[in-house]
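Examination of the molecular architecture
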Amino acid sequence: MEIIEKIKTNKSIDNLTEIQKICLDKLQASPLPNPKSEQWRLSNKSKFSNFLNYSVNEKKSKFDTPFPNTSQSTIRLVIGDNCQINFIEENYSIKQLSEDKLVKYIKEQISCFDKNENWSDLLNLSLNCTKNILGLKINGSEIPPIEIFSHASINSLNAKTLVIFLEKNCNIDLLQVNLGKDNSSLSQSTFVCLEENSSVNHGVVSYGENKSNLLNSLNVIQQNNSEYNLGSLHFKFNYARFEIRIKQSKGNAKTNIKGMQITKKDEQISTFTKIDFHGPNGFLDQINKSLADDKSHAIFEGSIIVPKIAQKTDASQLSRNLLLSNLAQIDTKPQLEIIADDVKCKHGATISQLNEEELFYMRTRGITLTEASKLQLSSYFQEIISFIPVSKDRWDLLDKLLNEN
Amino acid sequence: MVNENLVKNVVKEPYKYGFVTDIETEKIAKGLNEDIIRLISQKKEEPKFLLDFRLKAFKKWQKMKEPDWAGLGYKQIDYQDIIYYSAPKQKEKISSLDEVDPKLLETFDKLGIPLTEQKKLTNVAVDAVFDSVSIATTFREELAEHGVIFCSISEAVKNHSDLIEKYLGTVVPASDNYFAALNSAVFSDGSFVYIPKGVTCPMDLSSYFRINSGDSGQFERTLIIAEESSSVSYLEGCTAPMFDTNTLHAAVVELIALDHASIKYSTVQNWYAGDEEGIGGIFNFVTKRGKCLGKRSKISWSQVETGSAITWKYPSCLLLGEESVGEFYSVALTNNLQQADTGTKMIHIGPKTKSTIVSKGISAGNSINSYRGLVKMGTKATGSRNYSQCDSMLIGDQASANTFPYIKSQQPNSEIEHEASTCRISEDQLFYLQSRGIEFEEAVSMMVSGFCRDVFNQLPMEFAAEADKLLALKLEGSVG
């Protein structure tokens, strides 16, 4: 209830928007997610209440992007910047969604929300006034890469929302960067809608600083023949949750997901994915990697749902985990729920530490233990990082990870 | 394309164990309260510690809520509408099988259970439990020569109360879960096995559970203790008549293996599963757990689950002893409106412990078949390993196959591997077999049998053949 009161008495918002009112009403019924529900069972309660503890009043703060924009052709946007977006070129157009359309779409989404599963989205939309919601409608081809930044200011709980419509036959590279500041909480909700024959290479890189927190929710709807490729990386958060919900609404769509989370100190980072096949011939290839060190806790829960209509689905899910310390822990739970009979579905999970034989081999060749471990880790990270659409000369993620781990 | 009509026309084998034995029984009043528990305890002439154990469990049960996390949609059980003790009337003391009511012997004969003298040649000692009581235990003298104690738990309470007091409830405490608490309060009979130090049990031991009356539940309790360097193979079978009502079966099995001991526990569960409309059938809520207490001890669970309207069963291993081993091999077949939520828990506590899980689920008709398992590596389980494999086969597009593995590790120096896959009867393989002159049904049955082979190989000989046949019968008419 406390969070609802905080939103209602937020001084930086004059009037609650229609969406805020609807979401607040829903939140009123379940002010906090049910800690016994499968999605929230393993969530650290004190870290979660710490997430909600910050002031919801938005403070103006200086924002520095983590890497310079060296390429003229890259489109760079910061949610909450309030500038008018309108790129119209010969081959493509990127327009801001009108408020009516945006409200209509979000209302449609809210109507299907489940109070536990979509609790993060409900919180996000309750917190958010219009200026922190960015809606884009993209069409055309040869679109330059798009980079979108979200950040929270120090000592506050901020929410940012991104809605993207990809029209038919449209291909883009989209990099989303969520930055956490010292003692801050960021609630990020993203809605992506892919129309027929469209494809997106979506990168989500989230990293924080000391004691920063993140609730990151991603909702994707894929139409026929669309392709959605997601590469994600989450690290350096005191508490972070990444929720991915993908619905192949008519089947015949392709989804590739490669995600990674790295936890150190006493951090907790969790990834929840739910892939829903609502038509035949769907394809999924998912790999999620976790690395837990010190006293940290990494969690992965993934579910694949194949109802009767989704015949000829081909889905695979793999959870690979490295546990590097005696005090760290890893929980993983890949799940299959299948009714259609003509399907190929499989999942796998492994938990282990760095391969000792490989380490030994490298050491016999004069490589130090630290270097050998780094080499192993870099190959572990590389599979995921190479899937994130950001070029190495602009931002060397591998270097960043290895130097910080 | 699999010919649906052909398949549906295959004659269905009725549930052949669905007959009722017309025998005079002694039943107590319906309902559950302290007086009923006292009455059960009094009828069984139990010592005070056991009555206290029951009453304590009952108090805990009253405070507990029926679990709903498995999402099994069954109608509410009215615990006050169940008879908690029902026994066939017979002479006070039975000294030999000749004194057992011939009708009972006939019943077990019909079920293929070797109670009578001529069938004893099969070299399997049997403890036959009919409703709430144990009717007879065979080969007792032969086993006693080796120091093996094999008797009903009621007898063990009277004759070996020290062992019962020491071990009962140590693996599955009364407060473990709702159904274990209920069982601890009202358990009526079951089997007790004690294998002394250094003894390899000279024959397979077996218990056969038969529910005969429709209004009484069966709450048996099994306790097996394997002392240092001993080993035993134990088989369990169960059937029930066909009733339109649902009958509750809530059992508890506790296994204890000390240093270098090994226990192999095999089950073929063929309770009545209800008819095609889902009317009737047994609600089977079972808590089975083994404790590998000693160094290099081993507990192996193998099960073939084909019956019951609802199955809720997770045979588990607590791997405490250094280098102890836990195994779980399971085939679960569901048809019509059956629901099976089964799996295992492998809790690695001691160092260098190992566990293997192989689970095969086959779902046909409108059934739901779920594997739910937990593998946990504790902080002290250095050098431990787990391998899990869960395969599901779907027959028809109305059945559902789910896999919910929970994996938790707190020990970096351990390895966990899990893999799961889902498939259906391959048309290519079917075509290949049919083109070689193999009948359709036989081809299907061969493929199912091949799918389950990893598990059948682990079953004792007597059971493997029976399980194979059982699966083929159960599947008839369901492919399509």
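Criteria and cut-off values
- Numbers given for residues are sequential positions, taken from 1 along each chain in its written order.
- For naming, the first written chain is A and the first written ligand is 1, with later ones following in the order written.
- Under the rules for a predicted model, residues below a pLDDT of 70 receive no local features and side-chain atom pairs below 80 are neither given nor counted, while totals for whole chains, interfaces and linings still include all residues.
- Secondary structure elements follow DSSP: runs of H or I no shorter than four residues count as helices, runs of E no shorter than two count as strands, and numbering proceeds from the N terminus.
- Residue pairs qualify as contacts under a 7 Å threshold applied to their C-beta atoms, which are placed from the backbone.
- Using C-alpha atoms as the atom set, the radius of gyration is obtained and then compared with a globule rule of 2.2 Å times the number of residues to the power 0.38.
- Exposure classes come from backbone-placed C-beta atoms, where a residue is buried if 20 or more other C-beta atoms lie within 10 Å of its own, exposed if 12 or fewer do, and partly exposed in between.
- Two strands are said to pair when DSSP picks up at least two bridges between them.
- Whenever a helix is involved, its axis is fitted only over the stretch in contact; in every case the axis is a line through C-alpha atoms, and angles between N-to-C directions fall within 0 to 180 degrees.
- For a crossing to be left-handed, the near helix must be turned anticlockwise from the far one by less than a right angle; the clockwise case is right-handed.
- Charged residues are taken to be Asp, Glu, Lys and Arg, nonpolar residues to be Ala, Val, Leu, Ile, Met, Phe, Trp, Tyr, Cys and Pro, and polar residues to be all remaining types, Gly included.
- Orientation is classified from the angle alone, with under 35 degrees giving roughly parallel, over 145 giving roughly antiparallel, 65 to 115 giving roughly perpendicular, and any other angle giving oblique.
- Nonpolar core, as used here: buried Ala, Val, Leu, Ile, Met, Phe, Trp, Tyr and Cys residues forming one set through C-beta atoms within 7 Å.
- How sure the predictor is of each residue is captured by pLDDT, a score from 0 to 100.

**Regarding the overall build of chain B**
The helix and strand tally for chain B stands at 12 helices and 23 strands. Counting only contacts in chain B whose residues sit at least 6 apart along the sequence, the fraction spanning at least 24 positions is 82%.

**Points about the overall build of chain A**
Across its full length, chain A holds eight helices and 19 strands. Against the globule reference of 22 Å for 405 residues, chain A gives a C-alpha radius of gyration of 21 Å, in line with a compact fold. For chain A, the C-alpha atoms occupy an extent of roughly 65 × 50 × 50 Å along the three principal directions. Every one of the 405 residues in chain A was classed for burial, and the buried ones make up 47%. Contacts spanning at least 24 positions in sequence make up 84% of the contacts within chain A whose residues lie at least 6 apart.

**Re the interface of chain B and chain A**
Facing the 27 residues of chain B at the interface are 29 residues of chain A. Only strand E22 (400–409) and strand E23 (415–424) of chain B provide two or more residues apiece to the side of chain B that touches chain A. Among the elements that line the side of chain B that touches chain A, the one with the most residues is E22(B), at 10 residues. Judged from the seven bridges that link them, strand E19 (residues 344–352) of chain A and E23(B) form a sheet pairing that is antiparallel. Across the sheet, Ile351(A) pairs through a bridge with Ile416(B), a residue of E23(B).

**Some details on the environment of Gln339(B)**
All names here are of chain B. Looking at the element boundaries, glutamine 339 is found in strand E17 (residues 339–342). Considering only alpha carbons, one finds glutamine 339 and tryptophan 312, 27 residues apart in sequence, at a separation of 8.7 Å. Setting aside residues no more than four positions away along its own chain, glutamine 339 makes contact with Leu72, Ile310, Thr334, Ser367 and Ile368.

**Considerations on the pairing of strand E12 (residues 281–292) of chain B**
All names here are of chain B. In terms of burial, E12 is largely enclosed, as 12 of its 12 residues are buried. Examined bridge by bridge, strand E10 (residues 246–257) and E12 share 12 bridges and lie parallel to one another. If you follow alanine 250 over to E12, its bridge partner there is phenylalanine 285. In this structure, E12 lies alongside strand E14 (residues 310–313), joined through four bridges in parallel fashion. If you follow phenylalanine 285 over to E14, its bridge partner there is tryptophan 312. Here E12 runs beside strand E15 (residues 316–319); their pairing, made up of four bridges, is parallel. Residue pairing across strands places cysteine 292 opposite leucine 319, the latter belonging to E15.

**Brief notes about the packing of helix H3 (residues 48–63) of chain B against helix H8 (residues 178–186) of chain B**
Residues and elements named next belong to chain B. Viewed as axis vectors pointing N to C, H3 and H8 meet at an angle of 145°, and their least axial separation amounts to 7 Å. Of the two elements, H3 crosses H8, and the hand of that crossing is left-handed. Contacts between H3 and H8 involve Phe53, Arg54, Ala57, Phe58, Lys60 and Trp61 from the first element and Tyr178, Ala181, Leu182, Ser184 and Ala185 from the second. Looking at side-chain class alone, the contact of H3 with H8 contains eight nonpolar, one polar and two charged residues.

**Topic: helix H5 (residues 119–127) of chain A**
H5(A) sits mainly inside the fold: nine of its nine residues count as buried. Looking only at H5(A), the buried set comprises Trp119(A), Ser120(A), Asp121(A), Leu122(A), Leu123(A), Asn124(A), Leu125(A), Ser126(A) and Leu127(A).

**Concerning the packing of helix H6 (residues 356–364) of chain A against helix H7 (residues 369–385) of chain A**
Residue and element names in this part refer to chain A. Following both chains from N to C, one finds H6 and H7 inclined at 130°, their axes separated by 9 Å at the closest point. Accordingly, the angle class assigned to the pair H6 and H7 is oblique. Read as a crossing pair, H6 and H7 show a hand that is right-handed. Contact residues: Glu358, Leu359, Met362 and Arg363 in H6; Leu369, Ala372, Ser373, Leu375 and Gln376 in H7. Each residue belonging to the contact of H6 with H7 can be placed in one class, and the counts come to five nonpolar, two polar and two charged.

**Observations concerning the nonpolar core**
Counting residues in each nonpolar core, the largest one holds 232 residues, and the members touching the most others are Val306(A), Ala226(B), Ala257(B) and Ile263(B). If you tally residues by element for this core, the top one is E10(B), at eight residues.

**With respect to H8(B)**
Residues and elements named next belong to chain B. Counting buried residues along H8, eight of its nine residues qualify, which places the element largely inside the surrounding structure. Burial in H8 covers these residues: Phe179, Ala180, Ala181, Leu182, Asn183, Ser184, Ala185 and Val186. Looking at the buried residues of H8, the elements they touch are helix H2 (34–43), H3, strand E8 (221–226), E10 and E12.

**Topic: the pairing of strand E7 (residues 171–179) of chain A**
Residue and element names in this part refer to chain A. Burial analysis of E7 places eight of its nine residues in the buried class, which makes it a mostly covered element. In this sheet, E7 lies alongside strand E5 (residues 146–151) in parallel orientation, the contact comprising six bridges. The residue of E7 that forms the bridge with glutamate 147 is leucine 175. Here E7 runs beside strand E9 (residues 199–207); their pairing, made up of nine bridges, is parallel.

**Regarding unusual backbone geometry**
Within the chain, Asn169(A) stands out as a residue other than glycine whose phi angle is a positive 60°. By the secondary structure assignment, Asn169(A) is in the loop between strand E6 (157–166) and E7. The exposure class of Asn169(A) is partly exposed, given the 14 C-beta atoms found within 10 Å. Even without being glycine, Arg296(B) reaches a positive phi, approximately 50°. For Arg296(B), the location among the structural elements is in the loop between E12 and strand E13 (298–305).

**A closer look at the confidence of the model for chain B**
Residue and element names in this part refer to chain B. Scored by pLDDT, chain B has a mean of 85; 87% of the residues are at 70 or more. The least confident element of chain B, judged by mean pLDDT, is helix H1 (residues 4–9) at 37; the most confident is strand E18 (residues 345–348) at 97. Confidence drops under pLDDT 50 across residues 1–12; counting only partners more than four residues distant or on other chains, this segment forms 19 contacts. Two summary scores accompany this predicted model of the complex, namely pTM at 0.88 and ipTM at 0.87.

**Re the environment of Tyr329(B)**
Residue and element names in this part refer to chain B. Topologically, tyrosine 329 is positioned in strand E16 (residues 325–334). Tyrosine 329 sits 117 residues away from asparagine 212 along the chain, and the two C-alpha atoms are 29 Å apart. Those residues in contact with tyrosine 329 that lie beyond four places of it in its chain are Ser302, Val358, Val455 and Gln458.

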